Every structure is written in structure tokens, then in C-alpha cells.
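Structural description and commentary
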Amino acid sequence: MTKTSAQRTRRLGGWGFEGAAFSPPTPMLTWLEERLGPSEPFPSFDPATAEIPAAEPLPDLGSAPLSTDDLDRLAHSRGQSLIDLIRLRSGTVSATPAAVARPANDQELEDLLRAADRHGLRIVPFGGGTSVTGGVTVVPDDRPVVTASLEGLAGLHHLDEVSGLATLGAGTRGPALEAALGAHGFTLGHFPQSFELSTLGGWIVTHSSGQESLGHGRIESMVAGLDLVAPAGRLSIPALPASAAGPDLRQWITGSEGRFGIITKATMRVRRRAETLRVEAALARTWRQGVDTVRTLTRAHGSGRIPLCLLRLSDGPETEVALTVGLAKSRFEGLTRKYLGLRGVDRGCLLLVGAKGSPWDVDRSLEQAKILATERGVVWLGAGPGRNWSHDRFRHPYLRDGLLDRGYATDTLETAAPWSKVDTVYRAVRDALGDLPVLCHLSHPYGDGVSLYFTFFFRCPTDPDEAAALWAGHKRKAQNAIAETGAATSHHHGVGFWHAPWAPTEWGELGTDMLRGVAERLDPNGILNPHVLLDPTDRLEL
Ligand SMILES: Cc1cc2nc3c(=O)[nH]c(=O)nc-3n(C[C@H](O)[C@H](O)[C@H](O)COP(=O)(O)OP(=O)(O)OC[C@H]3O[C@@H](n4cnc5c(N)ncnc54)[C@H](O)[C@@H]3O)c2cc1C
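Because the structure is predicted, anything quoted here is derived from the model rather than measured.

Cut-offs used in this document
Residues numbered from 1 in each chain as written. Predicted model: local features only at pLDDT ≥ 70, side-chain atom pairs only at ≥ 80, totals over all residues. Heavy atoms only, no water. Core = buried A, V, L, I, M, F, W, Y, C linked by side-chain atoms within 4.5 Å. Buried < 20%, exposed > 50% of the residue type's maximum accessible area, 1.4 Å probe, protein only. Helix = DSSP H or I, 4+ residues; strand = E, 2+ residues; numbered from the N terminus. Domains from an automatic or database assignment. Contact = heavy atoms within 4.5 Å. Pairing = 2+ DSSP bridges. Axes fitted to C-alpha atoms, helices over the stretch in contact; angles between N-to-C directions. Salt bridge = Lys/Arg side-chain N within 4 Å of Asp/Glu carboxyl O.

1. Quick look at the nonpolar core
One finds Leu297, Leu308, Val353, Leu442, Leu452 and Trp471 to be the most contacted residues of the largest nonpolar core, which totals 60 residues. Considering each element in turn, this core owes the most residues, six residues, to helix 17 (residues 464-485). Two domains each provide a minimum of three residues to this core, namely domain 1 (42-152) and domain 3 (276-392). Non-local contacts of Leu308, meaning those with residues more than four positions away in its chain, are made with Leu214, Gly215, Leu297, His301, Val353, Gly354, Ala355, Ser365, Leu366 and Ala369.

Written as C-alpha cells, this is what we have:
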């Protein structure tokens, strides 16, 4: 019998669940060794031997169950970025929460916040804990920190099939959310790569974007209403299709990263499940040809001519790695390479094009996309490579652990820019990362621009502080380069405390003051996640 995610044991210091793995294929390791040289395995510390400072005694925090178990506190001390893995795997976590609270309903959460406010404690909301910006990291503090795990606020509360509105608990993880809606023939259609572990509330407050965002939109476009509990009280935003009653309060909460309050439930715009999702692949001969094709296809989608749900273009290096990881194990590799050879393409840029709907709609959309792409010189490969990508899309995060086991560190950076600036941003980030192997893809396209997503690799020193400093150096350079081009601080990972030094460049002084004003009104004593979003201290090495 397959175990549900609730029954499986989450891995500490790695992605996902115990027993699941995705080992880096040998050609990928060879590719890295050729570029970075041989490496030494990064230590893997046994959490059972962790020396965790005893939990401070806490005052009465209401009726929400509190856990002071050492491993529970350790597991809730960090998120899922590379630096989190380095710190967890080396046993060098700088602070753990004094306790993990698990409120089962809004009232227990409200009581917890009131008590924490009264006693001067800090509260870190924890959804799936997949933050890659330090959003759930416990920062050393002179006040005790309690992590509020939201797993108890989960499930489908109500489905209005007529309106296509579903009210769900904020702590509902991706698979449980889709299963609950799927039982009624509905879907939210939000599939971030972290889908297996991340939660509805986490998605909303970080401006998450799913892989099918071209078809379904970003998470904020799906939020009709929500309930928030803050130290200052409760905020309930009704689910309305639209309203002209002043600025949209929902937009004040999306992206607030737990700094303004904790979302307990949200009413989401859902739709009938599509019968078919098909992803086909093509190969652009050059990056420029690929970028132009993605822009043209996006516009054809926007005008309703070619309905698509996904477009993703890898640059040359990412294509090389994708072919190594994906195609190398498939029976399509030989055929693909032969086919490309006949068309005079030995390298290129992999383009994935996805459509969803009835089989007839999908056939029609992909046929139209193929005509439009091939008119531009792109070579259409068909469904084989796309099927591999769809099969592995939620397994890729496991690769990172396998690479670190072998001493290669990998991290990602993402931004968004207008189409006219794509090349500038692409070059700027590549230049900032110097000689490191860097992969890039464009995804989440819009009429006016697109997200650029970079993956970089470096040989990981076995000393965790050295590894952290090396990583932070790369990160700072790349983030400075992004800021200098005027591109977005982040497209979908959010701010956390990592990007907090850069985010004000987008808001300006007055904008930053406006956000601070809201935080002070909702959380006058600064107990909620005080280091994310609005604290510009650079703590990358933490
Ligand atoms: C391997 C990997 C792949 C990823 N892929 C994607 C991707 O494709 N698309 C994407 O958008 N992101 C991606 N991410 C980033 C991450 O998964 C998202 O930011 C996600 O939205 C976080 O959800 P979560 O439930 O895990 O939130 P958490 O990590 O638990 O929390 C994130 C932030 O939100 C706050 N928070 C959490 N729940 C609530 C709540 N209910 N109310 C108020 N505040 C809350 C936390 O305090 C924290 O500041 C990826 C991360 C990893 C590690």
C-alpha cells in the first residue's frame, strides 16, 4: 500500500521524505567534474547526535499543543534552501525554536498570538517549510521564538461548485489540496516544483508561481478571499469576483510572508479538471530564436489564439544538462540526437510547450504552436522528452541532495524582466557568477516580460562556515547584478530575510514606510516573523 505524505517521515536536512531519492546520473557528475574538478563528499551529520540547547521555559500560551522535542525543534529551525541544508547537515544551526506550536483552529492560533504578544515572544509561521529565502529560519534573538506549524489548519472546508470557489485551510499541502478538489472533479492548478511539501498559505504569502502559471495564473490571481489572524485582531476579506471599494486588501496580504499576520484559510478560484495535460518539446537553434518564439507563443496564447498552460525555454548549458539527466535514460535519446543531426542541430535550446484541456483542444493547441514555432526555424521533437520532464518534475529537488552528498553544491536564483531587458539580465547574472557553471531557463511568460531562473553550481567546501561564505559571496554578486539591471528582486521565491536588503530598491523610501506602517498596525510589538521582508540586515551566512 502506498503511504500518504502524512504517514511518511520527512527527511531532516534534505528534500522530501525518507526513502525517496533521485541520484544524479553519472553523465551529470562527469559534466560537473569537468567544470569544477573532483570534490569531497559534504558531511552528513546524524541528527540523533545533535546537541540542541534545552528549550527555555515558556509561559502559558493557550491550548494549542506545544512540542519541545529536540528533533521537532531542529526540523522547524530552517527551510529548504542550500544554506539550510548545509547548516542542518553539518549540525551548525544557529538557533532553534523554544517550541513548536500546532494550533488546530483559528481560536487556538489567536490565543497563541495574544499570549505571545503579552509575554514578548516571537512567532514564526511555518507552512511546508520549503522557503528558500530564510522565511522560516529561526534567527538568534533575545526573546524566545515559537514556531507555529500550520499543519492542523488543513483540508477542504467548502466547495461552491456553481461559482468555482473552494475554501481550504492554509496549512493544506499541494497533494492533499489537489486530492480534495479532485474528488469533486475540480483543480486549483497550482503546481510549484515544491508542490509535494508546500502549503496553500505559504504559496499565497510568497507570491508563488506554479509550473502551469501561463494557463492558471499566479497564486494571487486565484485568491478570492481569505481569513487572517494578527496580534491586532482578525481580518476577513470576503470572496467577491471583483470590487471597486478602494485598494484591494487581498493584494496587501499576498506577499506579506507572515509579517502582517497568519492566513488560516483562503477561498480560491478553482476550475474543472482538464482531461489531458500534454507537454511537447522542441529545439531552438539559438537562444535568440528561442526567446522570440516564446514571446510570440505567449502573445498567441494571450490573444486566445493558442491556449497553452506552460512554456519553458532552457539556454544552451541547461539544455545540455537536461539532455544528460532526462534524455540520457530514455529510449528517445538516440532517436533525438539522430533526428537533430539530420537537421544540422548539434546543440540548441530546449523549449517545452504544454497544453491542457480535452484531447481535441490539446491536439489543436499543440499543432498550432508547432506551426508557429517551426515557421521560426525551431525543430519540433514531439511528446517523448516532454513526457520525461512531466514524470520527473517533482522529483528534481531530490537531485540537490545527491549532488551535495558528492560535494557539489547547487542553488537557484530567479527574477523577472520586461522582454526588452531579457538579454541584459541574462548576461549580467552570468557575468556576476564568473566561471561557475550556470544554467538558465525562461518560464512564467507574460505579455510584457518573463521570469529568468538561474541554477549555479560550485564545489562545496567540507567546512560549513566556508561553504556558507562562498555561497553568500556568489549570491550577493548575482543579486546585486539583478538590482543593477532594474529586474525584479524575485519572481516567485519572495523576500524572506535573504532578499530584504535588496527589496527596498523596488519599493523606494515611501513605499517601504507604507509597508512598515501596515506591519506596525497589524503587529504593533513586532512579534511575527520580524526579520523577513522589512529588516534589511544582511544575514546570508547565518
Ligand atoms: C526545491 C524547491 C522548489 C521550489 N519551487 C518553487 C516553484 O516552482 N514555485 C514557487 O513559487 N516557489 C517554489 N519554491 C519556493 C517555496 O516552495 C515557495 O516559496 C512556497 O510558496 C512556500 O510555501 P510553504 O508552505 O513551504 O511556506 P513556508 O516555507 O513554510 O513559509 C514561507 C513564508 O511564509 C510564511 N508563512 C507560511 N504559511 C503562512 C501562513 N499561512 N500565513 C502567513 N504566513 C505564512 C512563513 O513564515 C515564511 O515567511 C521552491 C522551493 C524549493 C525548496
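2. A look at the sheet that holds strand 8 (residues 223-230)
If you trace the five strands from one edge of the open sheet to the other, you get 5-6-10-8-9, paired in antiparallel fashion. Edge positions in the sheet fall to strand 5 (156-160) and strand 9 (233-237), since each has one partner strand and no second. Sheet twist, expressed as the mean angle between neighbouring strand axes with direction ignored, is 10°. Here six bridges tie strand 8 to strand 10 (residues 262-269), and the two strands are oriented antiparallel to one another. Looking across to strand 10, one finds that Asp227 is bridged to Lys265. Contacting strand 8, strand 9 and strand 10, helix 4 (residues 106-119) crosses the sheet at an angle of about 45° to strand 8.

3. A closer look at the pattern of salt bridges
By the definition in use, this model includes 35 salt bridges. For the salt bridge of Arg218 with Glu220, the shortest nitrogen-to-oxygen distance reads 2.9 Å. Arg218 sits in the buried class, given a relative accessible area of 17%. On the basis of relative accessible area, Glu220 is assigned to the buried category, the value being 16%. One salt bridge in this structure joins Asp538 and Arg476, with 2.7 Å as the shortest N-O distance. You can see Asp538 sitting in the segment after helix 18 (504-522) and its partner Arg476 sitting in helix 17, a full 62 residues away along the chain. What makes Asp538 partly exposed here is its relative accessible area of 36%. If you follow the salt bridges from partner to partner, you end up with Arg288, Asp292, Arg295 and Asp423 in one network.

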